[in-house]
Amino acid sequence: QKEVEQDPGPLSVPEGAIVSLNCTYSNSAFQYFMWYRQYSRKGPELLMYTYSSGNKEDGRFTAQVDKSSKYISLFIRDSQPSDSATYLCAMNSGGSNYKLTFGKGTLLTVNP
Amino acid sequence: DVKVTQSSRYLVKRTGEKVFLECVQDMDHENMFWYRQDPGLGLRLIYFSYDVKMKEKGDIPEGYSVSREKKERFSLILESASTNQTSMYLCASTPRAAGKDTQYFGPGTRLTVL
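What counts, and where the lines are drawn
- Residues numbered from 1 in each chain as written.
- Chains lettered and ligands numbered in written order.
- Predicted model: local features only at pLDDT ≥ 70, side-chain atom pairs only at ≥ 80, totals over all residues.
- Heavy atoms only, no water.
- Helix = DSSP H or I, 4+ residues; strand = E, 2+ residues; numbered from the N terminus.
- Rg over C-alpha atoms; globule rule 2.2 N^0.38 Å.
- Buried < 20%, exposed > 50% of the residue type's maximum accessible area, 1.4 Å probe, protein only.
- Areas by Shrake-Rupley, 256 points an atom, 1.4 Å probe, with all protein chains shown as cover.
- Lys, Arg positive; Asp, Glu negative; His and termini not counted.
- Charge placed at Lys NZ, Arg CZ, Asp CG, Glu CD.
- Salt bridge = Lys/Arg side-chain N within 4 Å of Asp/Glu carboxyl O.
- Contact = heavy atoms within 4.5 Å.
- Buried area = accessible area lost by both parts, 1.4 Å probe.
- Polar contact = N/O pair within 3.5 Å; in protein donor to acceptor, adjacent residues only side chain to side chain.
- Nonpolar A, V, L, I, M, F, W, Y, C, P; charged D, E, K, R; others polar.

Draft legend 1. View of the overall build of chain A. What chain A contains, in helices and strands, is 0 helices and 11 strands. Going from N to C terminus, chain A has its helices and strands arranged as β-β-β-β-β-β-β-β-β-β-β. Taken over C-alpha atoms, the radius of gyration comes to 14 Å for chain A, in line with the 13 Å a tight globule of 112 residues would show. Projecting the C-alpha coordinates of chain A onto the three principal axes gives extents of approximately 45 × 30 × 25 Å. Across the 112 residues of chain A, 44% fall into the buried class. With an accessible surface of roughly 5300 Å², chain A has 47% of that area assigned to carbon and sulfur atoms. Of the side-chain charges in chain A, 11 are positive and 10 negative, and the distance between the mean point of each set is 7 Å.

Okay, here's the thing in structure tokens:
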């Protein structure tokens, strides 16, 4: 079983739709969870960062972590064409372990 | 803002050439990383460094080496480039502080080996 599973998509939605992106993981030691956004031919940029379980909201974006189910989600409300990108989940166990374990990314297209 | 820069955005090299990819960060981060990213395979860690002159192998170090002589600079070296090293190479850095495990990425270098 892979440590982090992420549906690669592609996912295509109309402008204004609510988008749900998800990752599952197997390592119960993970406690730091991140979402990165990567535009075509660019490096990933950090979008959301959460520690342990719970929700975190930033504008149109909400990150949700359910450690009991080993499941994390990113919700995008009122999606815009500028949200079209690949979204990568990433996580680690913290402490002296600085390596991140990444999902393979989900390609999202928001159609105007 | 954290800034991570990479020496080239696009690079074309021939099989057998020695290739240097340079990465510089301006936020005094202790940890630096080199990844390659390929369609369907995601990000794969090549090497990382906890400090100056320190290096550790990642998941796919074969065919690569690294150098970290200064804190802000982390170089990836392809000793003898091969066509299967055609890829997008991404550098990242992160500070060594509790709860600060987010990695900041450079813009990437798209390397083509002919």
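Draft legend 2. Spatial organisation of the pattern of salt bridges. On inspection of all chains with the given rule, the structure shows 10 salt bridges over all chains. Its salt-bridge partner being Glu45 of chain A, residue Arg37 of chain A comes within 3.2 Å of it at the nearest N-O pair. Note on Glu45 of chain A: relative accessible area 32%, which makes it partly exposed. In the salt-bridge network here, residues are joined through shared partners; they are Asp28, Glu30 and Lys71 of chain B.

Draft legend 3. Local environment of the interface of chain B and chain A. Contacts between chain B and chain A engage 27 residues on the former and 20 residues on the latter. Of the roughly 1900 Å² buried at the junction of chain B and chain A (both faces included), carbon and sulfur atoms supply 58%. Here chain B and chain A share 0 salt bridges between them. Linking chain B with chain A are 5 residue pairs in polar contact (both at pLDDT 80 or more). For the side of chain B that touches chain A, the elements supplying multiple residues, two or more each, are strand E4 (31-38), strand E5 (42-49) and strand E9 (87-94) of chain B. For the side of chain B that touches chain A, the per-class residue count stands at 13 nonpolar, 9 polar and 5 charged.

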